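Structural characterization, general
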Amino acid sequence: MSTAFKIILGIETSCDETSAAVLLKNGESIQILSNIVTSSASLQAKYGGVIPEQAAREQLKFIIPVISEALLQAKVTKNQIDAIAATFGPGLIGSLLVGVETTKTLSLIWDRPLIPINHLIGHFYANWITEEGIAKNLPTFPCIGLLVSGGHTDLVLFKNHGRYQYLGGTRDDAAGECFDKCAKLLNLPYPGGPIISKLAQKGDAKIFNLPRPMIDTDDFDFSFSGLKTAVFRMISEKRYKSYPQDLAKVNLAASIEQAIVDVLVKKTISAAQKYNIDQVIVSGGVAANTKLKKQLQHNCQLSIVNCQLFIPPPHLCTDNAAMVAAAAFYYPNPVNPLKLQVNPNLSLIK
Ligand code: KG4
Ligand code: ZN
């Protein structure tokens, strides 16, 4: 299902980012007019992760200037906005409240419909955004969706917009969380994914052997907490300590990345093969990982179903409001602003 809404303002504040975006839908094309993303990254780097209270306080300062800037850059006035979409969960409660309460107020004073979006569904819709000047095929249904973010790792089978079957997810840590926690063990700053990935380029993944948890299980569940424990053990071993430390770090970074990627790729391709689906859409911060993209691409082509792979550009993989606005074009179900409540524990499991 799609809507008559042409211009949607999206708002995203589920974790540490404060983001607002204006998107224009023209036929099947969804174009970004603006997508402003700010984060309290310097504070996280200082404290080694997101402190919820602090993130929400920063978001309170940013939210109005970020929305104003999004309208300004898009060159649209509030009168041209057809609807406002906001992430209402899952996420940090204080952060979600900043975005949702602001959206409720704007919806009432501008008299525009409010569309609540599940952040996890929003991530997938980054794949439906057509960047200006770039010709692009859009995913069609059915398709397998892999969500890999800091808080979630899920596999779903999309049958249509709004209709999906949950296949499985992580039983403990998410893939992004595993990158972040392993980085911490290696004394690397938060967020760990991009930095492990950068170091991994100089390393050899064959030097340190790490487990691939649940890679051969006959389901679509994941488990990454054991991998983190294996890394913890590895760095206290004599063999690791006997290497020059810079070399040990890059080799271990390569092993961590390879172990996570191997599991994600194997399970995703197995899902496509089991359900005979020839399209895979990937989303979430970890989808920005180049190794994951290359290995998925390679295995999609090799798979018996010869899958076509969709991964958004890196800046649309990590949290942003453009994906929230994009999803709203396909989930056009406005709610009464006075009744909307945030849901920090929202999931993809129905
Ligand atoms: O989707 P996202 O921005 O926020 C959540 O909804 O969680 O994902 C953030 C996660 C972090 O764990 C971060 O380390 C990871 O995505 N990440 C990466 C890369 N870029 C971000 N992981 C691996 N490789 C990357 N290039
Ligand atoms: Zn996210």
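Above this text sits the structure in question.
Residues numbered from 1 in each chain as written. Chains lettered and ligands numbered in written order. Predicted model: local features only at pLDDT ≥ 70, side-chain atom pairs only at ≥ 80, totals over all residues. Heavy atoms only, no water.

1. Comments concerning the sheet that holds strand 10 (residues 308–310)
What counts here: A pair of strands is labelled paired if DSSP reports no fewer than 2 bridges between them. Put simply, DSSP marks the helices as runs of H or I at least four residues long and the strands as runs of E at least two long, and each gets a number from the N terminus on. Throughout, an axis means a line fitted to C-alpha atoms (over the contacting stretch in the case of helices), and angles, computed between N-to-C directions, take values from 0 to 180 degrees.
Here five strands make up an open sheet; going across it, the order is 8-7-6-9-10 and the pairing mixed. The sheet is open, and its two borders are formed by strand 8 (163–169) and strand 10, each paired with just one other strand. Neighbour-to-neighbour, the strand axes of this sheet turn through a mean angle of 20°, independent of strand direction. When strand 6 (residues 143–148) meets strand 9 (residues 279–283), the two strands line up parallel, connected through four bridges. In the strand pairing of strand 9, Leu146 is matched with Val282.

2. Section: the coordination of the zinc ion (ligand 2)
Here is the rule: Water is absent from the atoms considered, so a metal site may look incomplete; donors are defined as N, O and S atoms within 2.8 Å of the metal, or 3.2 Å for Na, K and Ca. When four donors show all angles between 85 and 135 degrees the site is tetrahedral, when four or six donors have opposite pairs over 155 degrees and all other angles between 65 and 115 it is square planar or octahedral respectively, and in every other case it is irregular. Burial classes follow relative accessibility: with a 1.4 Å probe on protein chains only, a residue under 20% of its type's maximum area counts as buried, one over 50% as exposed, and anything between as partly exposed.
Distances from the zinc ion (ligand 2) to its protein donors, His119 (NE2), His123 (NE2) and Asp319 (OD), fall within 2.0 to 2.1 Å. Taken together, the four donor atoms coordinating the zinc ion (ligand 2) and their angles of 95 to 140° define a geometry best described as irregular. Expressed as a motif, the donor residue spacing for the zinc ion (ligand 2) is H-x3-H-x195-D. Of this pair, His123 sits in helix 4 (residues 119–124) while Asp319 is found in the loop between helix 11 (314–317) and helix 12 (321–330), placing the two residues 196 residues apart along the sequence. Residue His123 shares its accessibility class with Asp319, and that shared class is buried.

3. Concerning the pattern of salt bridges
Threshold: Only one rule defines a salt bridge in this text: a Lys or Arg side-chain nitrogen within 4 Å of an Asp or Glu carboxyl oxygen.
For the structure shown, the criterion picks out 11 salt bridges. With its nearest N and O atoms 3.2 Å apart, the salt bridge here joins Asp221 to Arg171. One end of the pair, Asp221, is in the loop between helix 6 (192–200) and helix 7 (225–235); the other, Arg171, is in the loop between strand 8 and helix 5 (175–185), with 50 residues separating them in the sequence. When the shortest N-O distance is used, the salt bridge between Asp173 and Lys228 registers 3.1 Å. Placement of the pair is Asp173 in the loop between strand 8 and helix 5 and Lys228 in helix 7, with a sequence separation of 55 residues. Using a relative accessible area of 21% as the deciding quantity, one classes Lys228 as partly exposed. Via salt bridges that share partners, Arg171, Asp219, Asp221 and Lys267 belong to a single interconnected network.

4. Notes on the site of ligand 1
So the rule is basically this: It suffices for a single heavy atom of a residue to lie within 4 Å of a molecule or strand for the residue to be listed as near it. Each polar contact in these results corresponds to two N or O atoms within 3.5 Å; when the atoms are within protein, one needs to be able to donate a hydrogen and the other to accept it, and residues that are neighboring in sequence are counted only if both atoms are side-chain atoms. Accessible surface area values rest on a Shrake-Rupley calculation with a 1.4 Å probe, where residue burial reflects the displayed protein chains alone.
Close contacts around ligand 1 come from 20 residues, with Gly150, Asp180, Gly193, Gly285 and Asp319 the closest. Asp180 places a polar side-chain atom, nitrogen or oxygen, 2.7 Å from an oxygen atom of ligand 1. Residue Asn289 places a side-chain N or O atom 3.0 Å away from a nitrogen atom belonging to ligand 1. When the free accessible area of ligand 1 is taken as 550 Å², the share hidden by the protein chains comes to 88%.

5. Quick notes on helix 6
Keep this limit in mind: In this description, the arc belongs to the directions extending from the helix axis to the C-beta atoms. By the convention used here, residues are in contact when the closest approach between their heavy atoms is within 4.5 Å.
Taken residue by residue, helix 6 has Gly192, Gly193, Ile196, Ser197, Leu199 and Ala200 as its buried positions. Mapping the buried residues of helix 6 onto a view down its axis gives an arc of 165°, with all of them on the same face. In helix 6, the exposed residues that point more than 90 degrees away from the buried face are Pro194 and Lys198. Buried residues belonging to helix 6 abut helix 5 and helix 9 (245–274).

6. Quick word on the sheet that holds strand 2 (residues 17–26)
If you trace the five strands from one edge of the open sheet to the other, you get 3-2-1-4-5, paired in mixed fashion. Strand pairing shows two members of the sheet lacking a second neighbour, strand 3 (29–39) and strand 5 (114–118), which therefore form its edges. Taken over all neighbouring pairs, the strand axes of this sheet differ in orientation by 20° on average, direction set aside. Where strand 4 (residues 83–89) and strand 5 come together, five bridges link them in parallel fashion. Its bridge partner being in strand 5, Thr87 is matched across the sheet by Ile117. Strand contacts of helix 2 (residues 52–74): strand 1 (7–12), strand 2 and strand 3, with the helix running at about 25° to strand 2, the strand carrying the most contacts.

7. Considerations on the nonpolar core
Rule in force here: For our purposes a nonpolar core is just a set of buried Ala, Val, Leu, Ile, Met, Phe, Trp, Tyr and Cys residues, chained together by side-chain atoms within 4.5 Å.
Core analysis: the largest hydrophobic core is formed by 56 residues, its most contacted members being Leu252 and Leu264. Secondary-structure elements contributing two or more residues to this core are strand 6, strand 7 (153–160), helix 5, helix 6, helix 7, helix 9, strand 9 and helix 10 (290–302). Considering each element in turn, this core owes the most residues, 15 residues, to helix 9. Setting aside anything within four residues of it in sequence, one finds Leu252 in contact with Leu186, Phe208, Leu210, Val231, Met234, Ile235 and Tyr240. Counting 36 residues, the second largest nonpolar core, distinct from the first, contains Ala83, Leu147, Phe158 and Ala327.

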